[in-house]
Amino acid sequence: MTTFDDREKAFENKFQHDEDLLFRIRARRDRLAGEWAADLMGLSGAEAEAYARQIVDTDIATLGPHDIRDKLCSDLHARGVDISDHRVEKQMAHFLDVAREQIHRA
């Protein structure tokens, strides 16, 4: 192998590592957001766990950047929770920071 081949392989490995890390961070953020929303909706136990998992699955299955925010807002409003879309978005940004810290510590 040449030096160029080695550098190319290293770049590909780093890219894959970074993408895997980003996926894990987003999945953790989604789980935290799902647990938070479940609590606001009065869900607990298995119901809350199932809802948090549904939020993670929704993000994996959809391509849009606001899919999770829209789902959370829709679900919260449907349950009569008085919360603004902006507040949900701020909370998700907070959960992204928390998730990033948790994944990097693990």
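Residues numbered from 1 in each chain as written. Predicted model: local features only at pLDDT ≥ 70, side-chain atom pairs only at ≥ 80, totals over all residues. Heavy atoms only, no water.

1. Describing helix 2 (residues 45–61)
- With 17 residues, helix 2 extends 24 Å between its outermost C-alpha atoms, agreeing within 8% with the 24 Å of an ideal straight helix rising 1.5 Å per residue.
- All buried positions along helix 2 are accounted for by Ala48, Tyr51, Ala52, Ile55, Val56, Thr58 and Asp59. Axial view of helix 2: buried residues confined to an arc of 160°, hence all on one face. Turned more than 90 degrees away from the buried face of helix 2, the exposed residues are Gly45, Ala46, Glu47, Ile60 and Ala61.
- Buried residues in helix 2 make contact with helix 1 (3–40) and helix 3 (67–78). (Helix = DSSP H or I, 4+ residues; strand = E, 2+ residues; numbered from the N terminus. Expected span 1.5 Å × (residues − 1). Buried < 20%, exposed > 50% of the residue type's maximum accessible area, 1.4 Å probe, protein only. Arc of directions from axis to C-beta. Contact = heavy atoms within 4.5 Å.)

2. Focus: the pattern of salt bridges
- Under the counting rule described, the total for this entry stands at 12 salt bridges.
- Here aspartate 75 ties to lysine 71 by a salt bridge, and the two come within 2.9 Å at their closest N and O atoms. Residue aspartate 75 and its partner lysine 71 are both found in helix 3; the two are separated by four residues, about one turn of the helix. Comparing aspartate 75 with lysine 71 shows no difference in burial state: the two are buried.
- As a salt-bridge pair, arginine 100 and aspartate 97 come within 3.6 Å of each other at their nearest N and O atoms. A residue pair is termed a helical-turn pair when its members lie 3 or 4 positions apart in one helix, as arginine 100 and aspartate 97 do in helix 4 (residues 85–105) at three residues.
- For arginine 100, a relative accessible area of 35% corresponds to the partly exposed category.
- Judged by relative accessible area, aspartate 97 falls into the partly exposed class, the value being 47%. (Salt bridge = Lys/Arg side-chain N within 4 Å of Asp/Glu carboxyl O.)

3. Focus: the packing of helix 1 against helix 3
- Orientation of helix 1 relative to helix 3, taken along the N-to-C sense of each, is 10°, at an axis distance of 10 Å. On the basis of their axis angle, the class for helix 1 and helix 3 is roughly parallel. In this structure, helix 1 uses Arg29, Asp30, Ala33, Trp36, Ala37 and Leu40 to contact helix 3, whose residues at the interface are Ile68, Leu72 and Leu76.
- Of the residues in the contact of helix 1 with helix 3, the class split is seven nonpolar, no polar and two charged. (Axes fitted to C-alpha atoms, helices over the stretch in contact; angles between N-to-C directions. Parallel < 35°, antiparallel > 145°, perpendicular 65-115°, else oblique. Nonpolar A, V, L, I, M, F, W, Y, C, P; charged D, E, K, R; others polar.)

Honestly, that's just the spatial picture; any functional story needs more than this.
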